[in-house]
Amino acid sequence: MRVAVLGAFAAALGLAAPAAAADKLDTAAFVTACTEDPTVTEDPGFEGGSATPKAFCECVADKLVENKSTQADLDMLTKLHNEEISDSDAETHPNFESLLVANEGYEDACRQSLGLSTDYGTDIEEVPMEEEVPEGVAPDGEAPLEDSPPE
């Protein structure tokens, strides 16, 4: 009886939290990899100085924790930022595609909360694949290709 009462008292005081500590994700490697990723650091939204890549990455890490991601999810995203991910990693990770979609949502939410544009990457002009370019038309679609002189 005494043990049960002491256990309940300790839990009420927050002293019996070893299980919660074991469930806590280690986000340090993710934040470091994210902060050093050129796709993050070269984002023009950080030029104004109101938000930093580190604040952005910490926000994403917090979203991953809030949404009950696993350490395996966090490790996979760390590999992604470090450009160390392999086809095998992507194939063996459960719900890899869902993880990427969720991460993109977390990134957008963080961009918005930090006052960064969520309209990134949309200014890239789509160029047709080589096989889609009609014969006699330059790949840029500007001017027809001139016939080259016979050799």
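In this text, all values refer to a predicted model and were calculated from it rather than measured experimentally.

Undergrad: Got a minute to help me understand the environment of T52 in this structure?
TA: Tracing the chain through its elements places T52 in the loop between helix 4 (38-41) and helix 5 (53-66). Considering only alpha carbons, one finds T52 and V40, twelve residues apart in sequence, at a separation of 9.6 Å. Engagement of the side chain of T52 in a polar contact is seen with the backbone nitrogen of A55, the distance being 3.0 Å.

Undergrad: It is not clear to me how the state of the cysteines should be interpreted in this structure. Could you clarify?
TA: Linking two cysteines covalently via their sulfur atoms produces the bond known as a disulfide. Per the counting criterion, the structure on display carries two disulfides. Paired by a disulfide, C34 and C57 hold their sulfur atoms 2.1 Å apart. Its torsion about the S-S bond being -75°, the disulfide of C34 and C57 is classed as left-handed. Of this pair, C34 sits in helix 3 (residues 28-36) while C57 sits in helix 5, and the two are 23 residues apart along the sequence. Among the residues examined, C57 registers a relative accessible area of 0% and is labelled buried. A sulfur-sulfur distance of 2.1 Å marks the disulfide that ties C59 to C110. A torsion of -90° about the S-S bond marks the disulfide between C59 and C110 as left-handed.

Undergrad: For this particular structure, what's the right way to read the packing of helix 3 against helix 6 (residues 71-81)?
TA: Running from N to C, helix 3 and helix 6 cross one another at 25°; their axes reach a closest spacing of 8 Å. One way to sum up the angle between helix 3 and helix 6 is to call them roughly parallel. The handedness of the crossing between helix 3 and helix 6 is left-handed. Contacts between helix 3 and helix 6 involve A29, F30, A33 and C34 from the first element and L74, L77, T78 and H81 from the second. Of the residues that constitute the contact of helix 3 with helix 6, the class distribution is six nonpolar, two polar and no charged.

Undergrad: What am I meant to see in the confidence of the model for the protein chain here?
TA: Any region with low pLDDT has predicted coordinates that should not be read closely. The pLDDT averaged across the protein chain works out to 77; a share of 64% of its residues lies at or above 70. Taken element by element, the predicted model of the protein chain shows its lowest mean pLDDT in helix 1 (residues 2-13) (41) and its highest in helix 3 (97). Confidence over residues 1-22 falls short of pLDDT 50; this stretch has three contacts with residues more than four positions distant or in other chains. For the stretch residues 122-129, pLDDT sits under 50, and the model shows two contacts to residues farther than four places along the chain or on other chains.

Undergrad: I tried to follow the side chain of D37 on my own but got confused; where do I start?
TA: On the secondary structure map, D37 appears in the loop between helix 3 and helix 4. One buried charge, D37, has no salt-bridge partner; the nearest side chain with opposite charge is R111, at 11 Å. At 2.9 Å, the side chain of D37 forms a polar contact with the side chain of T39.

Undergrad: Which parts of the structure should I look at to understand helix 3?
TA: Residues that lie three or four places apart on an α-helix share one face, since the helix turns once every 3.6 residues. Among all positions in helix 3, only F30, V31, A33 and C34 are buried. Projected down its long axis, helix 3 carries its buried residues within an arc of 165°, all on one side. Turning to helix 3, the residues buried within the fold contact helix 4, helix 5 and helix 6.

Basis of the calculations
- Residues numbered from 1 in each chain as written.
- Predicted model: local features only at pLDDT ≥ 70, side-chain atom pairs only at ≥ 80, totals over all residues.
- Heavy atoms only, no water.
- Helix = DSSP H or I, 4+ residues; strand = E, 2+ residues; numbered from the N terminus.
- Polar contact = N/O pair within 3.5 Å; in protein donor to acceptor, adjacent residues only side chain to side chain.
- Disulfide = S-S within 2.5 Å.
- Buried < 20%, exposed > 50% of the residue type's maximum accessible area, 1.4 Å probe, protein only.
- Axes fitted to C-alpha atoms, helices over the stretch in contact; angles between N-to-C directions.
- Parallel < 35°, antiparallel > 145°, perpendicular 65-115°, else oblique.
- Left-handed = near helix turned anticlockwise from the far one by under 90°.
- Contact = heavy atoms within 4.5 Å.
- Nonpolar A, V, L, I, M, F, W, Y, C, P; charged D, E, K, R; others polar.
- pLDDT = per-residue confidence, 0-100.
- Lys, Arg positive; Asp, Glu negative; His and termini not counted.
- Salt bridge = Lys/Arg side-chain N within 4 Å of Asp/Glu carboxyl O.
- Arc of directions from axis to C-beta.

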